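Spelled out, the chains give:
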Amino acid sequence: MADVDAIVVGAGPNGLTAAVTLARAGLSVRVYEGAATVGGGARTAELTLPGFRHDPCSAVHPLGAGSPVLSGLGLERFGLTWVHPELPLAHPFPDGSAAVLARSVDETAGSLGDDFGDRGGDGDAYRRLLGPFLGRWDGLAADVLRAPLDGWPREPLLYGRFGLRAVLPAELLGRAFTGERGRGLFAGLAGHVTAPLTSPVTGGIALMFALAAHDVGWPFPRGGTQAIPDALAGLLRSLGGTIETEHPVRALGELPSARAYLFDTDPAATAAIAGPRLPSWYADLFLRRYRHGPAVFKVDYALSGPVPWTAQAARRAGTVHLGPTMAEIGAALRSAHQGTEPRPPFLITAQPSLFDDRRAPAGSHVFWVYAQVPNGWRGDLLPAVERQIERFAPGFRDLVLARTIMTPADIEAGNPNNVGGDIAGGRCDGLRLLLRPAPVPVPVPYATPDPAIYLCSSATPPGPGVHGMCGYHAARAALRRVFRAPVPAEPSREEG
Ligand SMILES: Cc1cc2nc3c(=O)[nH]c(=O)nc-3n(C[C@H](O)[C@H](O)[C@H](O)COP(=O)(O)OP(=O)(O)OC[C@H]3O[C@@H](n4cnc5c(N)ncnc54)[C@H](O)[C@@H]3O)c2cc1C
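The rules behind each value
- Positions within a chain are numbered from 1, following the residues in the order the chain's sequence is written.
- Where totals are concerned, whole chains, interfaces and linings use all residues; where local detail is concerned, this predicted model gives features only for residues with pLDDT of at least 70, and gives and counts side-chain atom pairs only at 80 or more.
- Heavy atoms throughout the structure, all of them, feed into the side-chain values; hydrogens and water do not.
- The classification of residues rests on relative accessible area computed with a 1.4 Å probe and restricted to protein chains. Under 20% of the type maximum is buried, over 50% is exposed, and intermediate values are partly exposed.
- The secondary structure listing takes helices from DSSP runs of H or I that are at least 4 residues long and strands from runs of E that are at least 2 residues long, numbered from the N terminus.
- Any two strands between which DSSP finds at least two bridges are classified as paired.
- Multiply 1.5 Å by the residue count of a helix minus one, and that product is the helix's expected span.
- Between two residues, a contact is recorded if the distance between any of their heavy atoms is within 4.5 Å.
- A fitted line through C-alpha atoms represents every axis, and for helices the fit uses only the stretch in contact; the resulting angles, taken between N-to-C directions, go from 0 to 180 degrees.
- Within 6.5 Å between ring centres, the rings of Phe, Tyr and Trp (the latter by its six-membered ring) count as paired, and their orientation is classed by plane angle as stacked under 30 degrees, edge-to-face over 60, tilted in between.

Caption draft 1: Just the pairing of strand β9 (residues 295-303), in detail. Counting buried positions over the nine residues of β9 gives nine, a clear majority of the element. Side chains Ala295, Phe297, Val299, Tyr301 and Leu303 of β9 all project onto a buried face; the interleaved residues Val296, Lys298, Asp300 and Ala302 project onto the opposite face, where all are buried too. By the bridge criterion, nine bridges tie β9 to strand β12 (residues 365-373) in an arrangement that is antiparallel. Within the sheet, the bridge partner assigned to Ala295 lies in β12 and is Val373.

Caption draft 2: Expanded view of helix α9 (residues 202-215). With 14 residues, α9 extends 20 Å between its outermost C-alpha atoms, agreeing within 8% with the 20 Å of an ideal straight helix rising 1.5 Å per residue. Here α9 lies mainly inside the structure; 13 of its 14 residues are buried. Just beyond α9, the residue with positive phi is Gly217, at close to 100 degrees.

Caption draft 3: Highlighting the environment of Gly305. By the element assignment, Gly305 lies in the loop between β9 and β10 (317-322). On the accessibility criterion, Gly305 (6% relative accessible area) is buried. Placed 61 residues apart in sequence, Gly305 and Val366 show a C-alpha to C-alpha distance of 9.1 Å. If we skip the residues at most four places from it in the chain, Gly305 touches Gly363, Ser364, His365 and Leu399.

Caption draft 4: The sheet that holds strand β2 (residues 29-32), seen in detail. Taking strand neighbours across the sheet as the criterion, the five strands line up as β7-β2-β1-β8-β14 in an open arrangement whose pairing is parallel. Each edge of the open sheet carries a strand with a single partner, namely β7 (242-244) and β14 (453-455). The mean angle between the axes of side-by-side strands here comes to 20 degrees, regardless of whether they run parallel or antiparallel. The pairing of strand β8 (residues 258-263) with β14 spans three bridges and is classified as parallel. Note that in β14 the partner of Leu262 across the bridge is Tyr454. Across the sheet, helix α16 (residues 469-481) is in contact with β8 and β14; its angle to β14 comes to roughly 160 degrees.

Caption draft 5: Region of interest: the packing of aromatic side chains. What the rule picks out here adds up to twelve aromatic pairs. Aromatic side chains Trp281 and Phe286 sit 6.5 Å apart centroid to centroid with 80 degrees between the ring planes, which places their arrangement in the edge-to-face category. According to the relative accessible area criterion, Phe286 is buried, its value standing at 16%. Aromatic side chains Tyr282 and Phe286 sit 5.5 Å apart centroid to centroid with 85 degrees between the ring planes, which places their arrangement in the edge-to-face category. Linking Tyr282 with Phe286, this pair stays in helix α12 (residues 280-288), spanning four residues, or about one helical turn. Each member of the pair, Tyr282 as well as Phe286, is classed as buried.

Caption draft 6: Geometry of the side chain of Thr194. Residue placement: Thr194 occurs in the loop between α8 (180-190) and α9. With residues near it in sequence (within four places) discarded, Thr194 still touches Pro294, Gln372, Ala424 and Cys428.

Caption draft 7: Main features of unusual backbone geometry. A cis amide bond links Arg436 to the next residue, Pro437, at an omega of 0 degrees. Tracing the backbone through its elements, the reader meets Pro437 in the loop between α15 (408-414) and β14. Look at the link from Pro461 to Pro462: it is a cis peptide, with omega at 5 degrees. Residue position: Pro462 is located in the loop between β14 and α16. If you check the backbone angles, Leu149 has positive phi at about 60 degrees while not being a glycine.

Structure, rendered in structure tokens:
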């Protein structure tokens, strides 16, 4: 008899979703987390000054709000409230104008017209590119974020039509636009993944983020991202599961006996913890040699006022991309991928306190910024980051009360899954979003040769993001193989 049905190592969004999925099936579940709090890449902390609540890792959650599994768990009962900014995204240009990704397709399309003197008017191109998929998020997300080779897509025609476009590199698919506004906006969306714009599937990433803005939104959790794992932990405890924090796991032998072990960890760490339980051919080929991608250089600011964007639209947006053209964004992402400093960097920024008064003292603000840099990079990007912000918001530096910088080494120190500062759980170029951790198609990528051991971190499909889908699919694989239990369908929004 095992001490417990299932043990999950790591309380990131995927570990917690795996634990909840198993507990919902009636199993006893215990989670061990190395850090002092649950959340992994989904946490909130006063990093700079008292009262300023920053997200050290993820901040903006189209994939969380639109996740087929998270949206059906009723996390609102455990304290999660989504806050929607007036505009999901603004993409400013140095002339003081901006393309926007609004909830409304019309407003978005309207912002792509009148290109500065060159060819323009990309509103119709935007409608044509997204039109077939608008209003169909639930079916599309379930198919795109499903476990590979796990049965037929729910909506095969829609999925097939999407796949034909999605497989293209963003640089190619972005040629649907003739002007810099459409191309720049599209490139910025693809820049949420750590791969060059010439890499396959990056076009699909951009499409998914655009569709999410119209169908789901790009919200922040009220009070900070920590609300997501806290809600998952609350749900898990309500189902009888337990969580031990400040308990880093170094070897399987340290743990109580369990019928299944699920690892929300880096593949090489999984090999080290599992030790001889995994055959050396498998550990060597698929886990120890697993490759990591570009890192990020992150700055969290406490500001005495809102960012003084020249473009008015950026003052209404939750997320602001800084890197105007496809060429500039493409060069920055390519540099990070090829091991050189991006000049200038492409910045993804977020300003949650404009829409949530729980994030900073009255009148002041938190501001979240990161840029891609090479894995393990040791340079100082701060001057380049602030030059890029000043380019679009002159006077920004005068508002800075405090800042916390996280280099790739700091990012790894905060979470061992972020090897070399990689926030995506492994390389994302080529087909590595689909084929992970093994670089070849395997029937169940979550399973290992030991029938009791599973991987459930973002080093498995569908990869990075706070959506919990890796954990959900891994838990389903364990339910099917170890517990011979009926595999639950995704919880529906109505159920939630
Ligand atoms: C700077 C940054 C910005 C990001 N921005 C966004 C964003 O805006 N939106 C978005 O959707 N995603 C974003 N992401 C990505 C997102 O955070 C990750 O994809 C997601 O958190 C992965 O979840 P996970 O559960 O697989 O792993 P993680 O979140 O990394 O969690 C793994 C957990 O396992 C624990 N652990 C590891 N090893 C052990 C061990 N041996 N013993 C015990 N515990 C262990 C870790 O401490 C950690 O808590 C960002 C990430 C970073 C770092």
